Amino acid sequence: MTRNADKATLESLVGQAAADELVEEFLAIRPVGGKVFVDEDLDAVAWLSGTWVYLGRLRDSAQPSVVAPGTVIPGPPQGRKYKMTLDGTITSAAGGPTLQSKIGSRAEGVADRVRTIKPSGGRVWVDRATRLMTAVVGGRTVVVTTLEPQDWFAWLVA
């Protein structure tokens, strides 16, 4: 993908891995490709079958989105829902493989980070665009942690 204004490539803006993922996700929505419009907030949309389709938010890989654990953020949690049991096992809310089965012992570190915000585990959400894991604590959405791709299976399995 290339920006028309200055011919900057998507890879140069967000890095190779993020660019590959974004292009793959876009082509899953619109296999023939086409124009993508990105606004000043880095939200990307495309015109498909007579309607605007939201593709996600781009992120500048040079400036990672790191938010302190416990930070209250507006609105409901965003992204896919997961659950962590008391023993630290993390799975998709819909079931499936455990995080430990996908990333090995690094899953213990992720579980420890969840416990700092949700000591008894429970539901968490992961937003791929922002890399934020959030949870509802005391009726408010709070940041649990910022994830690196190697520390989460959402980037490893569909």
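What comes next is a walk through the structure. (Residues numbered from 1 in each chain as written. Predicted model: local features only at pLDDT ≥ 70, side-chain atom pairs only at ≥ 80, totals over all residues. Heavy atoms only, no water.)

## Let's talk about the overall build of the protein
When its secondary structure is counted, the protein shows four helices and nine strands. Its helices and strands in sequence order give the protein the pattern α-α-β-β-β-β-β-β-α-α-β-β-β, from N to C terminus. Counting the 158 residues in the protein, one finds 34% classified as buried. Within the protein, residue pairs in contact and separated by at least 24 positions form 50% of the contacts whose partners lie at least 6 positions apart. Taken as a whole, the protein presents about 9,200 Å² of accessible surface, with 55% of it coming from carbon and sulfur. (Helix = DSSP H or I, 4+ residues; strand = E, 2+ residues; numbered from the N terminus. Buried < 20%, exposed > 50% of the residue type's maximum accessible area, 1.4 Å probe, protein only. Contact = heavy atoms within 4.5 Å. Areas by Shrake-Rupley, 256 points an atom, 1.4 Å probe, with all protein chains shown as cover.)

## Some thoughts on the sheet that holds strand β9 (residues 140-146)
Hydrogen bonds between backbone groups are what pair the strands of a sheet, and the pairing can be parallel or antiparallel. The sheet built from six strands is open, its strands ordered β4-β9-β8-β7-β5-β6 with antiparallel pairing. The open sheet has two edge strands, β4 (72-73) and β6 (90-92), and neither has a second partner. Relative to strand β7 (residues 122-127), strand β5 (residues 80-84) is paired through five bridges, and the arrangement is antiparallel. Bridge assignment links Lys83 to a residue of β7, and that residue is Arg123. Sheet contacts for helix α4 (residues 106-117): β5, β6, β7, β8 (132-137) and β9; angle to β9, the most-contacted strand, approximately 150 degrees. (Pairing = 2+ DSSP bridges. Axes fitted to C-alpha atoms, helices over the stretch in contact; angles between N-to-C directions.)

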